[in-house]
Amino acid sequence: MNWLLLSFLVIIWGTSFMVTAIAIEGGLSALTITLLRVSLGAAVITLFTYSRGLRLPLDVKSWASFMLLGLFGSALPFMLITWGQQSVPSATTGVLMAIMPFVTMLIAHYFVEGERFNRYKMIGLILAFSGVIFILNPFVAGSVDLLGALAILTAASSYALNTVLIRLLPKFNPLIAGSGMLLCGLLLLSPFVFSDANALLDELRYDAKPSAIMAVIWLGCMPAGAASIIYFIVVNRAGPSFLSNCNFLIPVVAYFAGTLILGETVSLNSLIALIGILTGIGLTRVIR
């Protein structure tokens, strides 16, 4: 059952970059996609949380923690990924996002007790970042847009920082933390909405294709909502080490979803970088 749940997560999260590309091609802006994704995700996970008899805390300290998680775990990375995908193929996005566990490892080395480098982690880190540099190198045929790629790499780093923050901040029930994170992510995005609400409504009414609307509903209800619930179930049932198998599989699903389903033209160097990064992830799992 745990492997079945893990497979569900890999498919949902791995194809989310492809679905984001569909939303962008369908006429939605990065802000609109991010806002709807966070809104729907917050609704799904908060309703599920309350249906389980759980309640969000009311103290300032808890909501200050949720605000940090909302910034680095939802609002900022969702926006950066969507903005970056305007110029970077979804397959390459999945490859670039694969650096997240390495950045997590690097941050945790300095801020989390007991998280230390060994030679395998160091070699894995070098392999991963060599792959990223290979993708970004303008002298290599098929290199991607630099600003878009940097936005995606920043999003991956934001997720990594969020992972460390979860270890350092006060502990909450995972469903409570997920609800608070997405609700605060929505709160952080709200000033952008209020500043130009009419433009947002016009975009949804006149510019967006039906495929874009369906795509963004899927992004909110599934990767941001239902998958988050399954994520917490898997962590409780099998532990975080088992869940880390996602790091191997999500980039592969993202790569082949973009190339085979969307028909994206992705260069050979992206495939080489993917192999290098996955090899690096494998080396970080070697314990000495």
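As recorded by an unreviewed UniProt entry, the chain carries the name DMT family transporter and is attributed to Amphritea atlantica. The annotation that UniProt attaches to the chain under Sequence similarities (unreviewed entry) is "Belongs to the EamA transporter family." A UniProt comment under Subcellular location (unreviewed entry) is attached to the chain, and it reads "Membrane".

Caption draft 1: View of a nonpolar patch on the surface. Taken together, the side chains of Ile22, Phe256, Leu260, Ile261 and Leu262 present a nonpolar region at the surface, about 470 Å² in accessible area. Top contributing element to the nonpolar patch by residue count: helix α13 (residues 246-261), with 3 residues. With respect to the helices, strands and loops of the structure, phenylalanine 256 is situated in helix α13.

Caption draft 2: Region of interest: the packing of helix α6 (residues 100-111) against helix α8 (residues 146-168). With their axes 8 Å apart at the nearest point, α6 and α8 run at an angle of 40° to one another. In terms of orientation, α6 and α8 fall into the oblique class. In this structure, the crossing between α6 and α8 has a hand that is right-handed. Between α6 and α8, the contacting residues are Met100, Val103, Thr104, Ile107, Ala108 and Phe111 on the first element and Ala156, Ser157, Tyr159, Ala160, Leu161, Thr163, Val164 and Leu168 on the second. When the residues that make up the contact of α6 with α8 are grouped by side-chain class, the tally is 11 nonpolar, 3 polar and no charged.

Caption draft 3: Geometry of the packing of aromatic side chains. Scanning the model with the defined rule gives 4 aromatic pairs in all. Each ring, one from tryptophan 63 and one from phenylalanine 66, has its centre 5.1 Å from the other, and the planes form 90°; the classification is edge-to-face. One end of the pair is tryptophan 63 and the other is phenylalanine 66, both in helix α4 (residues 60-84) and 3 residues apart, which spans about a single turn. On the accessibility criterion, phenylalanine 66 (0% relative accessible area) is buried. Relative to phenylalanine 256, the ring of tyrosine 255 has its centre 5.3 Å away and its plane inclined at 80°; by these criteria the two rings are edge-to-face.

Caption draft 4: Spotlight on the environment of asparagine 247. Tracing the backbone shows asparagine 247 in helix α13. Asparagine 247 gets classed as partly exposed once you look at its relative accessible area, which sits at 23%. The sequence separation of asparagine 247 and glycine 282 amounts to 35 residues, and the corresponding C-alpha distance is 9.4 Å.

Caption draft 5: Summary view of the nonpolar core. Val95, Leu96, Met97, Ile99, Phe102, Val132 and Ile277 are the most contacted members of the largest nonpolar core, which totals 42 residues. When residues of this core are traced back to their parent elements, those giving at least two are α1 (2-14), α4, α5 (90-97), α6, α7 (119-136), α8, α13 and α14 (268-284). Looking at this core element by element, the count peaks at 8 residues for α8. Setting aside its immediate chain neighbours within four residues, phenylalanine 102 contacts Gly124, Leu125, Ala128, Phe129, Ile277, Gly280, Ile281 and Thr284. Judged by nonpolar contacts, the second largest core, of 19 residues, contains Ala42, Ile45, Leu169 and Val193.

Scoring rules and cut-offs
- Residues numbered from 1 in each chain as written.
- Predicted model: local features only at pLDDT ≥ 70, side-chain atom pairs only at ≥ 80, totals over all residues.
- Heavy atoms only, no water.
- UniProt positions renumbered as here; feature names shortened; annotations may be inferred.
- Patch = residues over 30% accessible without salt bridge, like charges linked within 9 Å, V, L, I, M, F, W, Y side chains within 5 Å.
- Areas by Shrake-Rupley, 256 points an atom, 1.4 Å probe, with all protein chains shown as cover.
- Salt bridge = Lys/Arg side-chain N within 4 Å of Asp/Glu carboxyl O.
- Helix = DSSP H or I, 4+ residues; strand = E, 2+ residues; numbered from the N terminus.
- Axes fitted to C-alpha atoms, helices over the stretch in contact; angles between N-to-C directions.
- Parallel < 35°, antiparallel > 145°, perpendicular 65-115°, else oblique.
- Left-handed = near helix turned anticlockwise from the far one by under 90°.
- Contact = heavy atoms within 4.5 Å.
- Nonpolar A, V, L, I, M, F, W, Y, C, P; charged D, E, K, R; others polar.
- Phe/Tyr/Trp six-rings, centres within 6.5 Å; stacked < 30°, edge-to-face > 60°.
- Buried < 20%, exposed > 50% of the residue type's maximum accessible area, 1.4 Å probe, protein only.
- Core = buried A, V, L, I, M, F, W, Y, C linked by side-chain atoms within 4.5 Å.

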